[in-house]
Structure formats: structure tokens, C-alpha cells
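Structural description and commentary
Here is what each chain is made of, one letter per residue.
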Amino acid sequence: MTPDLIRKYAAPVPRYTSYPTAPYFNAEVGPERYRQWLQSVAPDSALSLYVHVPFCQKLCWYCGCNTKAVQRYTPVAEYLRCLTAEISNVAGELPRRHVVRHVHWGGGSPSLLEPNDAARLAEAVRAYFTLASDVEFAVEIDPRDISLERVSALARSGVTRVSFGVQDFDIAVQRAINREQSFELTQRAVEAFRDKGVRSVNIDLVYGLPHQTMDSLERTLDLVLELAPDRIAAFGYAHLPARLKHQRLIDETVLPDAAVRTKLAARLARRLTDAGYVQIGLDHFARPGDALADAAVRRNFQGYTTDTCETLVGLGASAIGKLPQGFVQNAVATGEYKRAIRETGFATAKGIELSMDDRVRGFVIEQLMCSLEYSRTALESAFGPAAAEVSTQAEALLHNDEDALLEPTSTGFRVTERGRPFIRTIASRFDAYLGRSAARHSTGV
């Protein structure tokens, strides 16, 4: 992995949790279009739900999520009233009481909800939807704001997996990103959930943070492995201070450069695979026996998932949903979201209706991001003659590969281990939107 190779493929590109990506959503898709799409959902189809809680007790400077720090609980309680109303309104447009196979509460920090509010939110979901007996119910947890009462409330609500934000255990790194969190605090939170029967644990890590070194990463991984999580997500830090003002508080002079970031990612992957984890796509790892390691995976706004539902209903400020017709996104600002819910019952601010070309390219990009493979046979089977242009483009990409990032297969090509760090850049070659706007993306490594 030479410096020249890294520089060649390190240009900023999307993370491809959707295609087209969110910067290309438009206001032509609003509440009325969304209602029509909801009404046309197949009556017998299962759904997934994403619920966004855009609040934290303290803002981390590295964070790229839609959230804000609150000192009082009143804004959270007001927001929850609107969120409950949205759940009712969305369910009312669907053709029937649908079965839900996946629920994900993200943020922000859903773990800051008071125990009674967490229970009421879960009850609101169950009031309008039928949760499958084997539903996957995941909640993102900040160990710094969780309590035994909150743990108990979430466990009683049916949570099956908890995802703990860690990022890095090194104190110098933590201070540089305004997130001080000890291993002992995190360990107590993990054990509290396991004691309540919530056995599936995910740990989120970030590489490319200020002051992060090979040695500090090794120490963090030692501690993470001591927690024995079922899954680990290791994201590359996206430094976008022009868009995220709080990131300007980070000293850019102590950020690892592209070459060091690549080495950090490689060391992390090697340590985790040596410890028995299976690498999934670009940046997820799972123990053998975990569904993420054993089943076909998909890509959505929470990263890699085993969720195969065609309809994902997004609830809350900034939440993105996906339906067979396309994507929808709610108003990002909590004030705008609450006003829209109170006035019209829906907060849909933008979205995009998928063209056939979008579907073809999205299919290829998701396959590359998930399985590191492109199959002409699978593409043509799914889309017939509509796949011709992209199929030709894929053949040209393989033919012009000068850096051994790809290797031919009987039906297309596979990304090599040398190419794995550049999956996003390889996928971007199929992105027909890239460069059409001033959207800022993170580095490709």
C-alpha cells in the first residue's frame, strides 16, 4: 500500500448508505407524495422502522450525526410528543397493521430518554405495528448517560441488541474530541444490559481521530476485545468542518493523514480478524454465528444489516425512509420537524423518486459495498436490457484497472484485499450524480 496508491484513491467520496445519496434528494418529494407511497405499500409486506432521537447530554466534536446537546429534559419531552404523533400518522396511511422485523433507535443518544418515556415510545410503536416474534430491536447507547433504571426500561421494552459508542479509549484522543469515557464505565453498561438478558452487543469505533496512533489503537482494541462484543463497527472519521461547525474545535494539525489512516484501518482489521471476527464489507466485523457474519447483508443508513425489508419507515427529525418508489427524508432541524408535525402531521422535506438508471446503479454499488463483487449475470437477471450501459461500464473498469484492485470472475469481478480499503472509491465509478452539486464528502480512505 504505497503513498502514491493512497493519494490516487483518497479523493472524497460518499459513504453509500443509499444511492442516490442524500445530497441529491429534492423538494419534489414531499408529504403528499410520501402519503401516496405509504398507501401503495404491499399489504402483506413486512417493514423496518428507524426512530431518530436528536439529543445528547454533551456534544462530541467529531460527530457528524443530526443531534444537539440539551441541558434540560423539556425539549426532549416536547419532541417525543411529536414523534408519537408521527408514528400514528404514518401508520394511518399504510394499508394495514404491518409486521415489523427490524427496529432501530438512533441519534443522538436514545439512551438519555427517561425510563417511562423509553417505555412509552416502545409502546407507541407496538400500538400501531405488529412486531415479529423474532424482531431485531436495536438501540444506540451512550454509556455516559445510561442508568440501571434506563437499562431495565429498554430491556422490558424488548430491545435485543445494544450498540455502544466508544470511538477510542485513549484519554488524549477522548479529550481532543470532547468525549471522555472510561473503559470501566463502558464495561459496567455492557454488563448491565447482559444481566437483563440483552445479549447482543455492538461496539462503535472510529479511526482517523486526532492524536490517534498505532499504539493507542492497539490499547483500545485490547480493551474492546475484553468486552467480547458480537459486532464491531469501525468507521473512518469524516472531518467536514465547513459543514459541521463543532468540528472546527478539533485541532487539524494532530489528525492522521491519509497514509496513517490507511495503516490504522489495516491494523484494526488485522487485529479483529486474528481475534476470530469476520470482516463485513468495508468496516463491520462480526463473530461467527452472528447473523451479520452468516447471512447475506444489505446496506442502509445504519451501515451493514441483515434487514431485507423493501420498506424502511424513518421517524423523527432528519430520519430517512426507503420505499419501493424511492427515498424520503424528514426536516432536519427539530424546530422545523415539530412545526410540520403539528401543522400537517408529516415532516417530509425532501426525497427522490428512483429512475431505472438509479436502481441499476444502486444495485451494483450495494453489491460492491456488501460482497465486494460485481456480477453481470445477477445484474442482467434483475434488470434485463436496462443493465447494458452499466454492464459495459463495469467491463471497462476491470479492463483499465492498473493497480490490482480488482480480479476477474466468471461473471464479472471481485475487489481484492488490496482494493478493499478503496471500496467506496471503486463504487463511486458507478455514481452518475457525483460532482453534480457542491456536496462535501469524507476522504475515500
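Description of the structure in this document. What you are looking at is a predicted structure, and each value in this text was computed from that prediction instead of being measured.

**A few points about the packing of helix 8 (residues 214–227) against helix 9 (residues 258–274)**
As a packed pair, helix 8 and helix 9 sit with axes 11 Å apart at the nearest point and diverge in direction by 30°. Here helix 8 is positioned roughly parallel relative to helix 9, judged by the angle of their axes. Between helix 8 and helix 9 lies a crossing whose hand is right-handed. For the pair helix 8 and helix 9, contact is made by Met-214, Leu-217, Glu-218, Leu-221, Asp-222 and Leu-225 and by Lys-263, Leu-264, Arg-267, Leu-268, Arg-271 and Leu-272, respectively. Of the residues belonging to the contact of helix 8 with helix 9, the class tally is 7 nonpolar, no polar and 5 charged.

**Some points on helix 7 (residues 183–195)**
Its 13 residues place the ends of helix 7 18 Å apart at the C-alpha level, agreeing with the 18 Å of an ideal helix rising 1.5 Å per residue. Listed in full, the buried residues belonging to helix 7 are Phe-183, Thr-186, Ala-189, Val-190, Ala-192, Phe-193 and Arg-194. At the C-terminal side of helix 7, Gly-197 shows a positive phi close to 95°.

**Brief notes about the sheet that holds strand 17 (residues 373–375)**
Pairing within the open sheet is antiparallel, and its 3 strands lie in the order 17-19-18. Sheet topology places strand 17 and strand 18 (406–408) at the edges, where each strand pairs with a single neighbour. Strand-to-strand, the axes of this sheet are offset by a mean angle of 20°, without reference to chain direction. The strands touched by helix 12 (residues 356–371) within the sheet are strand 17 and strand 19 (412–415), with strand 17 carrying the most contacts at an inclination of about 140°. Docked against the sheet, helix 13 (residues 376–383) engages strand 17 and strand 19, running at close to 55° with respect to strand 17.

**As for the packing of aromatic side chains**
In the structure shown here, the tally under the stated rule is 13 aromatic pairs. Between Tyr-19 and Tyr-433 the ring centres are 5.7 Å apart and the planes differ by 70°, which places this aromatic pair in the edge-to-face class. With Tyr-19 in the loop between helix 1 (3–9) and helix 2 (31–39) and Tyr-433 in the segment after helix 15 (423–428), the pair connects residues that are 414 residues apart, well separated along the chain. Here the two residues Tyr-19 and Tyr-433 agree in accessibility, since each one is buried. Between Phe-301 and Phe-327 the ring centres are 6.0 Å apart and the planes differ by 85°, which places this aromatic pair in the edge-to-face class. Separated by 26 residues along the polypeptide, Phe-301 in the loop between strand 11 (298–300) and strand 12 (303–305) and Phe-327 in strand 15 (residues 326–330) bring together distant segments of the chain. Against the face of Tyr-433 rests Arg-436, its NZ or CZ located 4.5 Å from the ring centre.

**Some points on the environment of Val-99**
One can find Val-99 in strand 4 (residues 99–107). Here the alpha-carbon distance between Val-99 and Leu-131, two residues 32 residues apart in the chain, equals 5.6 Å. Contacts of Val-99, omitting those with residues within four sequence positions, involve Ser-45, Ala-46, Leu-47, Thr-130 and Ala-132.

**Here's the deal with the side chain of Asn-178**
Residue placement: Asn-178 occurs in the loop between helix 6 (171–176) and helix 7. Side-chain polar atoms of Asn-178 contact the backbone oxygen of Leu-59, separated by 2.9 Å. Among all residues touching Asn-178, those that are not within four sequence positions of it are Lys-58, Leu-59, Cys-60, Trp-61 and Arg-144.

**Things to note about the pattern of salt bridges**
A full pass over the atoms with the stated rule returns 25 salt bridges. The salt bridge involving Arg-150 is made with Glu-114; its shortest N-O contact spans 3.5 Å. Taken together, the positions of Arg-150 in helix 5 (residues 148–156) and Glu-114 in the loop between strand 4 and helix 4 (115–128) put the pair 36 residues apart, joining distant regions of the chain. You can call Arg-150 buried: its relative accessible area is 10%. Among the ionic pairs, Arg-219 bridges to Asp-170, the shortest N-O distance being 3.2 Å.

Conventions and cut-offs
- Residues numbered from 1 in each chain as written.
- Predicted model: local features only at pLDDT ≥ 70, side-chain atom pairs only at ≥ 80, totals over all residues.
- Heavy atoms only, no water.
- Axes fitted to C-alpha atoms, helices over the stretch in contact; angles between N-to-C directions.
- Helix = DSSP H or I, 4+ residues; strand = E, 2+ residues; numbered from the N terminus.
- Parallel < 35°, antiparallel > 145°, perpendicular 65-115°, else oblique.
- Left-handed = near helix turned anticlockwise from the far one by under 90°.
- Contact = heavy atoms within 4.5 Å.
- Nonpolar A, V, L, I, M, F, W, Y, C, P; charged D, E, K, R; others polar.
- Expected span 1.5 Å × (residues − 1).
- Buried < 20%, exposed > 50% of the residue type's maximum accessible area, 1.4 Å probe, protein only.
- Pairing = 2+ DSSP bridges.
- Phe/Tyr/Trp six-rings, centres within 6.5 Å; stacked < 30°, edge-to-face > 60°.
- Lys NZ or Arg CZ within 6 Å of the ring centre and 35° of its normal.
- Polar contact = N/O pair within 3.5 Å; in protein donor to acceptor, adjacent residues only side chain to side chain.
- Salt bridge = Lys/Arg side-chain N within 4 Å of Asp/Glu carboxyl O.

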